[in-house]
Amino acid sequence: MLNQLFARKTDFSNDDHAHGPALLRTLGPWGITALGIGAVIGTGIFVVTGTAAAEHAGPAVLISFIIAAIVSGFSALCYAEFATLIPISGSSYSYAYASLGELAAWFIGWNMVAEYGISASAVAASWTGYFTSLLDHMGLHLPTALTEAPLAYTGGRLVATGHLLNLPAVAIVLALTWLCYIGIRESSGLNALMVLVKVGLIVIVVVVGYRYVNPENWHPFIPQPQGDGKYGWSGIMRGAAMVFFAYIGFEATSTAAQECKNPQRDLPFGILVSLVICTALYLAMAAVLTGLVPYTVLDTPEPVVTAVAAHPQLGWLRLIVEIGAMIGLSSVILVMIIAQPRIFMIMARDGMLPQMFAKVHPRHRTPYINTLFTGGMIALLAAVFPLDLLANLTSMGTLIAFSAVCAGVLILRHTMPDLPRTFRVPWVWFTCLAGVASCFALLFSLDWFNWAILGGWTVLGFAIYFFYSRRHSVLRQSVQGDPVTKFR
């Protein structure tokens, strides 16, 4: 039994053709980059920046973004190396299977379900804030009972709000699920258009808003600590753990490996370039938002609108912000709905999930059953749970996956040093160890309630593994043998 738990998958050569129709290879380097930017720039810049500044870091949310970017940078380099070794759609799950063994791979894959599914739910919940703001701007109003989650996260626990569900969030998720169902070409084309729109919006807000910045709003840059992760350096770290949620998109690009024309070249390019572009935009936007208004007023569902509306001279910009933010947030949901079904597909091909999850639509060439299941799950979570809880849980799942990938690169450098690598992590010992350490530093800055939920999720995952996945594992048949190392 122990042999199977730590057995590593070393043959990924048939993952693209041995299970019926293959995915279409339509994405080039800039298409992959657009997927990364589409996934990264969303709730982090349009919603979480305000909460992190008001509740945790103050104007020093810029330092929080820098810390989160450094942690993401270590992981991005490791993802880039793995993407050239294992160019399939399993992302962290497949990388862990190759380096850490089956049990660790299941643990990572199970947390990726939380990472992508919950993150899309969080973004959908934040989309509602800008949607209702736009309706208010037009003189239209939806009942609060249909735009707010029935649960709220207050004082480290969930409480009932008396509302019914977040209906706009459900609607946008289901609409984008249909788009992902009909094909990657249509989905990626719309995503590229959305990326152009939201990057243009951010540039406009930064350039125009900078003229109205009041430098006094940046003082004190690091507010005096008030305990429990509020302000001071503990607040900066708590803020970094929160805004880290904003960086998870670059990893989603690796789930499109089997739809890349040249994954060994395109994936490292897309992963690293999207991270650099997004970090620059985040820092610029965070500086302008905290300069336009006191940071204490930014804890709203639509902080960009809050900051712009405080200056009557920028009234014309509000409508642009509302529409642009809705488009930007939609692109994040879209990429997450693209990513999660492909993780399910690879796990099912390995026997970890039922074979129905391995099916690809014969005409649309998409993992259609997974897409429908993922869309339904995301819509349910977005309807019921609040944004702040969803964002923290997403960060936890992402940090665990990132730390596993950083460790995995180091392990494979030691166990399989002669494998051809078209991209190599520089200063591998420092980069990988720093990546693992920084991920754990952010993990331990989150509160006990998030850890309790993660513990329950993990117990459920291991129960599924030992009662189903271990018995159906495709690798189980070769544990006694010596599988041939064949990564491509």
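Since this is a predicted model, take the numbers as computed values, not measurements.

What counts and how
Residues numbered from 1 in each chain as written. Predicted model: local features only at pLDDT ≥ 70, side-chain atom pairs only at ≥ 80, totals over all residues. Heavy atoms only, no water. Patch = residues over 30% accessible without salt bridge, like charges linked within 9 Å, V, L, I, M, F, W, Y side chains within 5 Å. Areas by Shrake-Rupley, 256 points an atom, 1.4 Å probe, with all protein chains shown as cover. Salt bridge = Lys/Arg side-chain N within 4 Å of Asp/Glu carboxyl O. Helix = DSSP H or I, 4+ residues; strand = E, 2+ residues; numbered from the N terminus. Buried < 20%, exposed > 50% of the residue type's maximum accessible area, 1.4 Å probe, protein only. Axes fitted to C-alpha atoms, helices over the stretch in contact; angles between N-to-C directions. Parallel < 35°, antiparallel > 145°, perpendicular 65-115°, else oblique. Contact = heavy atoms within 4.5 Å. Nonpolar A, V, L, I, M, F, W, Y, C, P; charged D, E, K, R; others polar. Core = buried A, V, L, I, M, F, W, Y, C linked by side-chain atoms within 4.5 Å. Phe/Tyr/Trp six-rings, centres within 6.5 Å; stacked < 30°, edge-to-face > 60°.

**A look at a nonpolar patch on the surface**
Nonpolar side chains collect at one region of the surface, where Ile204, Trp316 and Ile320 lie side by side and expose about 280 Å² of accessible area between them. Secondary-structure assignment places isoleucine 204 in helix 8 (residues 184–209). We classify isoleucine 204 as partly exposed; its relative accessible area is 35%.

**Observations regarding the environment of glycine 28**
Structurally, glycine 28 is set in the loop between helix 1 (2–5) and helix 2 (29–40). For the pair glycine 28 and phenylalanine 269, spaced 241 residues apart in sequence, the C-alpha to C-alpha distance is 10.0 Å.

**Quick notes on the packing of helix 5 (residues 92–99) against helix 6 (residues 102–137)**
Put simply, helix 5 and helix 6 touch, their axes get as near as 7 Å, and they point 170 degrees apart. Judged by the inter-axis angle, helix 5 sits roughly antiparallel to helix 6. Of the residues in helix 6, those touching helix 5 at Ser92, Tyr93, Ala96 and Tyr97 are Glu102, Ala104, Ala105, Trp106, Ile108, Gly109 and Met112. Each residue belonging to the contact of helix 5 with helix 6 can be placed in one class, and the counts come to 8 nonpolar, 2 polar and 1 charged.

**Digging into the nonpolar core**
Note on soluble globular proteins: their nonpolar side chains tend to be buried together. Counting 155 residues, the largest nonpolar core has Phe46, Tyr130 and Val321 as the members making the most contacts within it. The dominant element in this core, judged by the number of residues it contributes, is helix 13 (residues 315–349), at 19 residues. If we ignore the near neighbours within four places in the chain, the residues touching phenylalanine 46 are Tyr130, Leu201, Ile202, Glu302, Pro303, Val304, Ala325, Gly328 and Leu329.

**Digging into the packing of aromatic side chains**
Overall, the coordinates contain 19 aromatic pairs when judged by the stated rule. Taking 6.2 Å as the distance between ring centres and 35 degrees as the angle between the ring planes, the aromatic pair formed by tryptophan 106 and tyrosine 465 counts as tilted. Placement of the pair is tryptophan 106 in helix 6 and tyrosine 465 in helix 17 (residues 448–472), with a sequence separation of 359 residues. Judged by centre distance (5.7 Å) and plane angle (35 degrees), the rings of phenylalanine 344 and phenylalanine 357 are tilted. Taken as a pair, phenylalanine 344 in helix 13 and phenylalanine 357 in the loop between helix 13 and helix 14 (368–384) lie far apart in primary sequence, 13 residues in all. A relative accessible area of 9% means that phenylalanine 357 is categorised as buried. Following the ring pairs from residue to residue traces out a cluster consisting of Trp106, Trp110, Trp457, Tyr465 and Phe466.

**Things to note about unusual backbone geometry**
A negative phi holds for most residues other than glycine; trans holds for most peptide bonds. In the segment running from histidine 219 into proline 220, the intervening peptide bond is cis, with an omega of -5 degrees. Here the phi dihedral of tyrosine 231 falls at roughly 70 degrees; this positive angle occurs in a residue that is not glycine. With respect to the element layout, tyrosine 231 can be found in the loop between helix 8 and helix 9 (232–243). Take tyrosine 231: its relative accessible area is 6%, and that puts it in the buried class. Its identity is not glycine, yet tryptophan 427 carries a phi of approximately 45 degrees, on the positive side. Secondary-structure assignment places tryptophan 427 in the loop between helix 15 (387–415) and helix 16 (428–443).

These values are about where atoms sit, not about what they do.
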